[in-house]
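Residue-level structure breakdown
Below are the chains, spelled out letter by letter.
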Amino acid sequence: MSGSRREFLGATLGGLALSGTAARAATSKAPWTLPPKTGVKHLEIVRIKMRDGVELCGQIWLPADADTRPAPVVLEYIPYRTRDAYSAPDGYWGNTLASHGIGFARIDLRGSGDSGGLLRDEYLAQEQDDAVEIIAWLAAQPWSNGSVGMRGISWGGFSTLQTAMQRPPALKAIMPMACSDRRFTDDAHFVGGCLGLTNFKWGANFKGVMAAPPDPAVAGPGWEKLWRDRLEASPAIIARWTRHQREDAYWRHGSLHFDYAAITCPTYIVGGWADAYVHSVPRLLEELKCPRKALVGPWGHTYAWLGGPGPALDWAYEEVRWWSHWLRGAATGIMDEPMLRFYRPEATPAQSAPGATPGAWGAEAVWPSPDVHAQRLYLTDAGLAPRPGAGKRRQHRSDNAVGLATPEWVPFGQDEMPGDQRHDDAASICYDMAPLPADVELLGVPRVRLRVAADKPVAQIAVRLCKVMHDGTSWRLAYGILNLTHRDGHATPKPLIPGKMVDVTIDLGFLAQRLKTGERLRIAISEGLWPLVWPSPDSPTLTLDPNASALTLPIRTPPLIEPAMPIQSVPVAPDRGDVAVKTVEDHGGITVTGTWPDKSRPCANGTILSGFGPNTVATITRGAPNSGSWSGSRISRYRRGDWNCELRIGFTLTSTARAFTVGETLTAFKDGVEIFRRDVTNTVPRDLL
């Protein structure tokens with residue numbers, strides 16, 4: 001064994017079997033059991049009047065005896081149509097929670113579903129004000145014991161955090177899932193200060209939410225006028241988001257990152273390793289001072305009980321346990337358990353697809369954990385090494401073709417997962433570690449410090465952390481990207497001085513992974529990741545100084561015995577997902593398409609929903625960043641009896657070195673006849689982007 005490998009193993013593997021924190025045995029107490037099931041009362045149409053007279057609509061499920069034995073109630077508050085689009089999960093959780101003594105209220109946001117008013121943007125102050133009013137209304141009902149919880153995934157998770165920041169008195173506990181504390185850096189629009197393709201995909205989907213018709217069965221004869229009002233009010237939302245290219249007041253609003261003390265109620269954070277939103281989990285655990293817990297599982301942007309690619313969890317047990325503890329005062333023991341529960345994968349989701357991710361559950365009593373220590377590796381001509389060594393400066397010129405194996409910020413389905421990285425590695429600056437002679441665990445946030453210069457005033461730098469297998473395949477564990485003009489903060493970008501070295505630190509995101517004997521780690525450095533983000537305007541060349549650069553890994557020394565996992569795992573059937581991604585390279589041109597099938601599904605109220613998208617096409621010519629284009633289309637249909645509505649939504653993006661051109665279309669049809677059309681093209685100046 002070489003000296004450098006011996007030193008690395010001494011630092012990373014020493015004491016693995018004799019950890020100072022050693023065995024944290026499982027509690028000897030008998031496990032808590034779910035309360036017996038009872039009957040459920042369903043309030044199918046609930047109207048709550050806000051102070052300004054606007055009525056918000058939704059559904060409520062209650063224990064059958066709530067009129068005589070008032071119950072706590074959990075609120076989920078999102079814009080995704082509780083009577084049709086979300087009727088299946090809403091009905092499941094309404095019946096599940098209520099049958100165990102906990103009410104469930106699913107209210108559509110103002111201007112969405114069957115609620116009155118207009119929805120003009122995401123996470124507005126009006127949305128949070130409405131939530132505070134809803135919580136007060138729920139707490140005051142005769143069937144309520146006065147204690148309210150709040151939960152939700154994605155938008156619902158953001159809404160939960162943002163409402164908790166307002167501190168409504170009746171809100172006693174929250175469970176945000178798959179969301180973030182920082183909107184600019186971690187919510188689809190900009191990735192590391194670079195304009196993301198997901199900004200446009202989500203923009204098309206969100207326009208479909210803002211402009212969708214209300215249900216005539218709830219809205220009554222005035223439904224068509226309300227629909228036309230929504231169509232008229234729908235803004236050119238993608239252009240609006242694209243204009244805010246700095247972390248300004250627009251993005252700071254609703255970002256807990258800037259005021260963690262605002263949340264004081266108990267918080268249970270839930271995330272998945274295959275989801276970009278997981279990166280907020282360690283920050284929330286570290287920065288919040290209220291009672292808190294987190295659980296991270298082997299799934300993507302989905303619920304723990306669905307859990308693709310799997311395994312999933314019997315989440316009803318965990319939710320009822322959490323709400324019973326904080327909303328009913330039951331002794332469930334949930335707060336006696338470790339602060340962080342996590343699945344420790346032994347492969348990446350793409351590597352093991354379409355089956356479940358192999359691994360095991362682990363736990364940390366507190367976070368940050370004394371079981372995790374930082375191990376620094378240096379960039380040398382011999383590869384990644386535990387000690388500094390000689391390293392020649394290396395250059396990388398953007399050709400807009402690195403990133404084809406990382407097509408999506410939040411992957412949905414196997415095709416959007418980060419696949420074998422060898423093609424991208426070959427076009428990047430790479431540093432490899434020697435093969436491991438024994439297993440190593442990673443848990444935490446890897447960081448890279450780089451000294452780099454560019455020959456243009458605007459440039460990006462991307463770093464991928466990969467594990468390389470015996471057969472040479474390379475699987476992405478984590479990554480980070482930074483617009484180098486944002487090196488001193490996302491609120492105050494400033495141009496690079498061509499040729500001048502700058503020092504930057506890039507977090508590669510929260511991860512867990514067990515590396516096995518013989519596997520190697522690699523970092524791959526490039527200028528940009530396309531089509532994940534829009535390229536720099538002038539094809540810059542980066543110069544890397546490895547002598548002032550290093551990778552820091554979070555190495556975990558696990559206890560001899562992990563605490564028993566109190567929640568039962570549930571297998572998930574293999575599923576490739578619906579979206580199909582295809583990449584074609586021809587004569588220097590690259591085209592990446594993402595296609596969803598046109599599907600239909602019946603809802604509980606008899607509505608048939610159908611449509612597809614957003615289907616996307618990304619094209620570019622190698623070495624010509626402003627030859628690129630992004631375009632996408634989405635169709636949504638709503639049909640029941642003689643009610644027949646359709647929305648068609650589209651977007652386009654092109655650029656020059658100085659500006660973006662953003663096109664947005666919205667067309668509505670009633671009974672197959674066009675009733676509304678808006679085509680808008682906006683020119684958006686590039687702000688060091």
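See the structure above.
Residues numbered from 1 in each chain as written. Predicted model: local features only at pLDDT ≥ 70, side-chain atom pairs only at ≥ 80, totals over all residues. Heavy atoms only, no water.

**Regarding the layout of surface pockets**
Left-over empty space is what a probe sized like a water molecule reveals as it rolls over the atoms. Quantified by volume, the second largest pocket comes out at close to 1,100 Å³. Residue lining of the second largest pocket: 40 residues in total, with Arg-283, Val-445, Arg-447, Asp-507 and Gly-509 positioned closest to the centre. Listed by contribution, the elements that provide at least two residues to the lining of the second largest pocket are helix H5 (183-186), helix H11 (280-287), strand E14 (372-380), strand E18 (440-444), strand E21 (474-483), strand E22 (502-507) and strand E25 (541-556). Of the residues that constitute the lining of the second largest pocket, the class distribution is 19 nonpolar, 14 polar and 7 charged. (1 Å grid on protein atoms, 1.4 Å probe; cavity = no way out; pocket = protein on both sides within 12 Å on 5 of 7 lines; lining within 4 Å. Points joined across faces, edges and corners; volume = space filled by probe spheres on them. Helix = DSSP H or I, 4+ residues; strand = E, 2+ residues; numbered from the N terminus. Nonpolar A, V, L, I, M, F, W, Y, C, P; charged D, E, K, R; others polar.)

**Brief notes about the packing of helix H3 (residues 125-140) against helix H4 (residues 155-164)**
In the contact formed by H3 and H4, the axes pass within 10 Å of each other and the chain directions differ by 75°. With respect to their mutual orientation, H3 and H4 come out roughly perpendicular. When H3 is examined against H4, the residues Glu-127, Gln-128, Ala-131 and Ile-135 are found in contact with a partner set consisting of Trp-155, Ser-159, Gln-162 and Thr-163. By residue class, the composition of the contact of H3 with H4 is 3 nonpolar, 4 polar and 1 charged. (Axes fitted to C-alpha atoms, helices over the stretch in contact; angles between N-to-C directions. Parallel < 35°, antiparallel > 145°, perpendicular 65-115°, else oblique. Contact = heavy atoms within 4.5 Å.)

**Considering the sheet that holds strand E20 (residues 460-468)**
Here 4 strands make up an open sheet; going across it, the order is E17-E24-E20-E21 and the pairing antiparallel. Every other strand in the sheet has two partners, leaving strand E17 (429-432) and E21 as the edge strands with one partner each. Across the sheet, the mean angle from the axis of one strand to that of its neighbour is 15°, orientation sign disregarded. The sheet contact formed by E20 and strand E24 (residues 520-526) spans 7 bridges and is antiparallel. Bridging across to E24, Leu-465 finds its partner in Ile-523. (Pairing = 2+ DSSP bridges.)

**Remarks on the nonpolar core**
Within the largest apolar cluster, 149 residues are counted, with the highest numbers of intra-cluster contacts made by Ile-263 and Trp-315. Discounting chain neighbours no more than four positions away, the residues touching Ile-263 are Leu-161, Ala-164, Met-165, Ile-174, Leu-256, Leu-288 and Cys-290. Ranked by size, the runner-up nonpolar core spans 36 residues in total, among them Leu-377, Leu-450, Leu-465 and Leu-496. (Core = buried A, V, L, I, M, F, W, Y, C linked by side-chain atoms within 4.5 Å. Buried < 20%, exposed > 50% of the residue type's maximum accessible area, 1.4 Å probe, protein only.)

**As for unusual backbone geometry**
Note: most residues except glycine have negative phi, and most peptide bonds are trans. Here the amide bond leading from Gly-310 into Pro-311 is cis, since omega sits at 5°, within 30 degrees of zero. Relative to the elements of secondary structure, Pro-311 occurs in the loop between strand E10 (292-297) and strand E11 (312-313). For the bond running from Trp-367 to Pro-368, omega is 0°, close enough to zero to count as cis. A positive phi angle, near 60°, is found at Tyr-123, a position not held by glycine. The residue Tyr-123 is located in the loop between strand E4 (103-108) and H3 in this model. Residue class for Tyr-123 comes out buried when judged on its relative accessible area of 3%.

**Things to note about the pairing of E4**
Here E4 lies mainly inside the structure; 6 of its 6 residues are buried. Side chains of E4 alternate between two faces, with Gly-103, Ala-105 and Ile-107 and Phe-104, Arg-106 and Asp-108 buried alike. In the sheet, strand E2 (residues 55-63) pairs with E4 via 4 bridges, with the strands oriented antiparallel. Along E4, the bridge assignment pairs Gly-58 with Ile-107. For strand E3 (residues 71-78) and E4, the ladder comprises 6 bridges, and the chain directions are parallel. Among the inter-strand pairings, Val-74 is bridged to a residue of E4, identified as Phe-104. As for the winding sense of the linkage, the β-α-β connection from E3 through helix H2 (residues 87-99) to E4 is right-handed. (Right-handed = clockwise from strand over helix to strand, strands pointing away.)

**What about helix H8 (residues 223-233)?**
Of all the positions in H8, only Trp-223, Leu-226, Trp-227, Arg-230, Leu-231 and Ala-233 are classed as buried. In the core, the buried residues of H8 are packed alongside helix H6 (197-210), helix H7 (216-219), strand E32 (643-655), strand E33 (659-670) and strand E34 (673-685).

**Examining empty space enclosed by the protein**
Using the criterion set out here, one finds 9 cavities of 30 Å³ or more in the structure. Of the pockets and cavities examined, the largest cavity occupies roughly 410 Å³. In terms of lining residues, the largest cavity is bounded by 28 residues, among which Trp-273, Ala-274, Pro-349, Arg-476 and Leu-477 are the most central. Of all elements in the fold, only helix H13 (349-352), E21 and strand E23 (511-515) reach the threshold of two or more residues within the lining of the largest cavity.

**Details of H4**
Across the 10 residues that make up H4, a large majority, 10, are buried. Three or more residues of H4 are buried, namely Trp-155, Gly-156, Gly-157, Phe-158, Ser-159, Thr-160, Leu-161, Gln-162, Thr-163 and Ala-164. Its buried side turned inward, H4 meets E3, H3, strand E5 (144-153), strand E6 (171-177), H5 and H6.

**Focus: the pattern of salt bridges**
Under the defined criterion, the tally for this structure stands at 57 salt bridges. With its nearest N and O atoms 2.7 Å apart, the salt bridge here joins Arg-520 to Asp-432. With Arg-520 in strand E24 and Asp-432 in strand E17, this pair connects stretches of sequence that are 88 residues apart. Accessibility expressed as a relative area gives 23% for Arg-520, which makes it partly exposed. Glu-562 is the salt-bridge partner of Arg-556, the closest N and O atoms lying 3.0 Å from each other. (Salt bridge = Lys/Arg side-chain N within 4 Å of Asp/Glu carboxyl O.)

**Some remarks on the packing of aromatic side chains**
Applying the stated criterion across every chain yields a total of 35 aromatic pairs. The interplanar angle of 40° and the centroid separation of 6.3 Å between the aromatic rings of Tyr-638 and Trp-643 together place this pair among those described as tilted. For the pair Tyr-638 and Trp-643, a shared accessibility class is recorded, and that class is buried. Positioned over the ring face of Trp-93 is Arg-151, at 4.9 Å from the centre of the ring. One residue, Arg-183, lies across the ring of Tyr-250, its end atom 5.6 Å from the ring centre. (Phe/Tyr/Trp six-rings, centres within 6.5 Å; stacked < 30°, edge-to-face > 60°. Lys NZ or Arg CZ within 6 Å of the ring centre and 35° of its normal.)

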